[in-house]
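Survey of secondary and tertiary structure
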Amino acid sequence: MYTFESVTQLNSYANELLSNDPGTASLSVTGEISNLTIYRSSGHAYFTLKDAESQISCVMFKSYLQGLNFTPKDGMKVVLTGSCAIYSASGRFQIKAFAMAQKGKGDLAEQMKLLHRKLSAEGLFAQEHKLHIPVLPERIGVISSPVGAVIHDIINTLNRRNPFYSLLLYPAAVQGEACAPDVMAGLDYFSSRDDIDVIIIARGGGSLEDLWGFNNEELARKIYDCRIPVISAVGHETDYTICDYVADLRAPTPTAAAELCIGKYEELITNLANKKSMLNLALMNYAELQRRRLDALKDSKALYSPMVYVESLRTSLEAVKKDLDNSGKALVNEHRYRLKSIIDGIEMLGPMNVLKRGYSYATKDDRAVTEVKGLNIGDNLDFVFSDGSINVEVKDIYEGDAKIG
Amino acid sequence: MADNDKFLYEDAIEELSRIVDKLSTGKCSLDDSLDLYTRGVKLASLCDKKLSEVEKKIAVINKDSLEEEPFAEDQ
């Protein structure tokens, strides 16, 4: 027989036993909530869990209560997870609950899978419905908590990336029951404005329970219907929610969302400068091409039309000659002289005729070389002959007879 | 891009790229080429303007009044 000096000792002993027994140290139990009281000062919830024959006192502290995705109510069938202990002050045997799920709702992962399957079948996640995220949004709408790291991560990233941005925050609960209605109100609000070009829905990482508000069907449909592109950055890296699937773009983190919603300033500036010089170059190349075409046309005319002209003049000369043979030698000579000078003049126009007589001309970088001045040893020159051209390298340079290079 | 539509930077850049490609072929008439070039210069200057026209502003919505209030970025 044990002898206890005090009731306190007895209660501690009993608690020791309860905390060492795996069945009472960590348990889950199903029952119906009754006599629920949530104290305004502490925020803790006290209630009775009962079935047809039995009941047990329960307490759920504020921090755990806030993590629930529903509000417990009397009469609700729930599964409590927690531990059993005796509250020494009253001797009451009770459950300290740290999680609660509504009975009959299935577990959260299963619910999410079902919703995913349903919305996917309806085509809400289809790629062809995704809106394009603009490069330079006039204004970025953010739906997130106004406190905590997330909004500041976004602002810091934007500051680093592009100083020319404007951001409007719609403060929303990102956990618990208020989450989905808040986020939906934010989407409605931004949609009612005409200056918001992209919306970011953001919150940090958390458990499936923490993120449960983003697995809401009504919210998913509102994101789908939103005419403004939505980037979802809910949770961290590996956390996926229905909100991520239905959004136009999913960012693994709030920081990544900030990177995706606006182009990097330096990159945009460099890219635009490149485009500008490409445009100028394209026009210059076009002008050069046209000039070369014009030159080619001029050359072919100089070669072609004078010969035709010369031939026709020859023919008429013959005719005139015949006529003049009958008319008198003096006149013939005079005409012959005049026609010949015209023909000579015209033949002079064609450089090819000059080349045919054994001349050639030199060019350097497509410009005719007319003097040795400006030439250097080693320069490459093109010599054009009547039937082709050769490329030569300058070995010696003479000005007059004097060697100067 | 009609002038009264919302100016989209990426659309302007894409049109500019197409203009450069088209002009580079050298197959357009002189008039068309000059028109393309003029349009390209206009797009580039619109992009220039767009790149830095937004003034940095961070605000938060007051959900009761729906008024914008300044938001302190360093907290």
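I will try to describe carefully the structure that is included in this document. Remember, it's a predicted structure, so these values are computed and weren't measured experimentally.

Here we take up the overall build of chain A. Summing up its helical and strand segments, chain A has 12 helices and 16 strands in all. Split into buried and exposed, the 405 residues of chain A put 24% on the buried side. Counted over contacts in chain A with a minimum sequence separation of 6, partners at least 24 positions apart contribute 62%.

Moving on: the overall build of chain B. Regarding its fold elements, chain B presents two helices and two strands. Secondary structure elements of chain B occur, N-terminal to C-terminal, as α-α-β-β. In chain B, the share of contacts with a sequence separation of at least 24, taken over all contacts with a separation of at least 6, comes to 34%.

Residue and element names in this part refer to chain A. Relative to the assigned elements, Ile 38 resides in strand β1 (residues 27-38). With 15 C-beta atoms packed within 10 Å, Ile 38 lands in the partly exposed category. Taking the C-alpha atoms as reference, Ile 38 lies 9.5 Å from Phe 61; in sequence the two are 23 residues apart. Sequence-distant contacts of Ile 38, defined by excluding residues within four places in its chain, comprise Gly 43 and Ala 45.

Right, let's talk about helix α1 (residues 9-25) of chain B for a bit. Turn by turn, an α-helix covers 3.6 residues, leaving residues three or four places apart pointing in a common direction. Residues and elements named next belong to chain B. When the terminal C-alpha atoms of α1 are compared, their 25 Å separation across 17 residues agrees well with the 24 Å that a helix rising 1.5 Å per residue should span. Those residues of α1 not exposed but buried are Ala 12, Leu 16, Ile 19, Val 20 and Leu 23. All buried residues of α1 lie within an arc of 100 degrees about the axis, which places them on one face of the element. For α1, the exposed residues set more than 90 degrees away from the buried face come down to Arg 18, Asp 21 and Thr 25.

Taken together, the contact pairs 30 residues of chain A with 34 residues of chain B. A per-element tally of the side of chain A that touches chain B places helix α10 (residues 265-327) of chain A first, with 13 residues.

Residues and elements named next belong to chain A. With five of five residues buried, strand β6 (residues 140-144) lies mostly within the body of the structure. Burial along β6 is two-sided: the face carrying Ile 140, Val 142 and Ser 144 and the face carrying Gly 141 and Ile 143 are both buried. What joins β6 to strand β7 (residues 166-171) is helix α5 (residues 149-161), and the crossover it makes is right-handed. The sheet contact formed by β6 and strand β8 (residues 198-203) spans four bridges and is parallel. The residue bridging Val 142 from the neighbouring strand is Ile 200, located in β8.

What follows deals with the sheet that holds β8 of chain A. Taken together, the seven strands give an open sheet; going across it, the order is β10(A)-β9(A)-β8(A)-β6(A)-β7(A)-β1(B)-β2(B), and neighbouring strands pair in mixed fashion. The sheet terminates laterally at β10 (249-250) of chain A together with β2 (68-70) of chain B, the two strands that pair on one side only. The pairing of strand β1 (residues 57-61) of chain B with β2 of chain B spans three bridges and is antiparallel. Counted as the bridge partner of Ile 61 of chain B is Glu 68 of chain B from β2 of chain B.

Counting 49 residues, the largest nonpolar core has Val 142, Ile 154, Ile 200, Ile 201, Ile 231 and Cys 243 of chain A as its most contacted members. Excluding anything up to four places from it in sequence, Ile 231 of chain A contacts Ile 133, Val 198, Ile 200, Ala 247, Asp 248, Leu 249, Ala 251, Ala 257, Leu 260 and Cys 261 of chain A. The next biggest cluster of nonpolar side chains, apart from the first, holds 15 residues, and it includes Ala 282 of chain A together with Leu 16, Ala 44 and Cys 47 of chain B.

Turning next to the packing of α1 of chain B against helix α2 (residues 30-51) of chain B. In a pair of packed helices, the angle between the axes and the distance between the axes together describe the arrangement. All names here are of chain B. At a closest axis distance of 9 Å, the pairing of α1 and α2 adopts a crossing angle of 150 degrees. The angle between α1 and α2 falls in the class roughly antiparallel. The two elements α1 and α2 cross, and the hand of that crossing is left-handed. For the pair α1 and α2, contact is made by Tyr 9, Ala 12, Ile 13, Glu 15, Leu 16, Ile 19, Val 20, Lys 22 and Leu 23 and by Ser 33, Leu 36, Tyr 37, Arg 39, Gly 40, Leu 43, Ala 44, Leu 46, Cys 47 and Lys 50, respectively. Along the lines of polarity and charge, the residues of the contact of α1 with α2 split into 13 nonpolar, two polar and four charged.

Residues and elements named next belong to chain A. With zero of six residues buried, strand β14 (residues 388-393) is to be regarded as a mostly surface element. Sheet analysis places strand β13 (residues 380-385) next to β14, joined by six bridges and oriented antiparallel. Its bridge partner being in β14, Leu 381 is matched across the sheet by Val 392. Linking two consecutive strands that pair antiparallel, namely β13 and β14, is a turn of two residues.

Moving on, we get to helix α4 (residues 108-121) of chain A. The terminal C-alpha atoms of α4 of chain A, which comprises 14 residues, lie 20 Å apart, in line with the 20 Å expected from a rise of 1.5 Å per residue. Directly after α4 of chain A, the chain includes Gly 123 of chain A, whose backbone phi takes a positive value near 85 degrees.

All names here are of chain A. Judged by pairing direction, the barrel is mixed, and its five strands sit side by side in the order β1-β2-β3-β5-β4 before closing back on the first. Taking each pair of neighbouring strands and ignoring which way they run, the sheet shows an average axis angle of 50 degrees. Relative to strand β5 (residues 92-102), strand β4 (residues 77-87) runs antiparallel, the two sharing 10 bridges. Across the sheet, Ile 86 pairs through a bridge with Phe 93, a residue of β5.

Time to look at unusual backbone geometry. Of note, the phi angle at Asn 35 of chain A is positive, near 50 degrees, even though the residue is not glycine. Mapping Asn 35 of chain A onto the fold places it in strand β1. With 13 C-beta atoms counted inside 10 Å, the residue Asn 35 of chain A sits in the partly exposed group. Although it is not a glycine, Leu 66 of chain B sits at a positive phi angle of roughly 55 degrees. Along the chain, Leu 66 of chain B falls in the loop between β1 and β2. A count of 9 C-beta atoms within 10 Å places Leu 66 of chain B in the exposed class.

Cut-off values and rules
Residues numbered from 1 in each chain as written. Chains lettered and ligands numbered in written order. Predicted model: local features only at pLDDT ≥ 70, side-chain atom pairs only at ≥ 80, totals over all residues. Helix = DSSP H or I, 4+ residues; strand = E, 2+ residues; numbered from the N terminus. Buried ≥ 20, exposed ≤ 12 C-beta atoms within 10 Å, placed from the backbone. Contact = placed C-beta atoms within 7 Å. Expected span 1.5 Å × (residues − 1). Arc of directions from axis to C-beta. Right-handed = clockwise from strand over helix to strand, strands pointing away. Pairing = 2+ DSSP bridges. Core = buried A, V, L, I, M, F, W, Y, C linked by C-beta atoms within 7 Å. Axes fitted to C-alpha atoms, helices over the stretch in contact; angles between N-to-C directions. Parallel < 35°, antiparallel > 145°, perpendicular 65-115°, else oblique. Left-handed = near helix turned anticlockwise from the far one by under 90°. Nonpolar A, V, L, I, M, F, W, Y, C, P; charged D, E, K, R; others polar.

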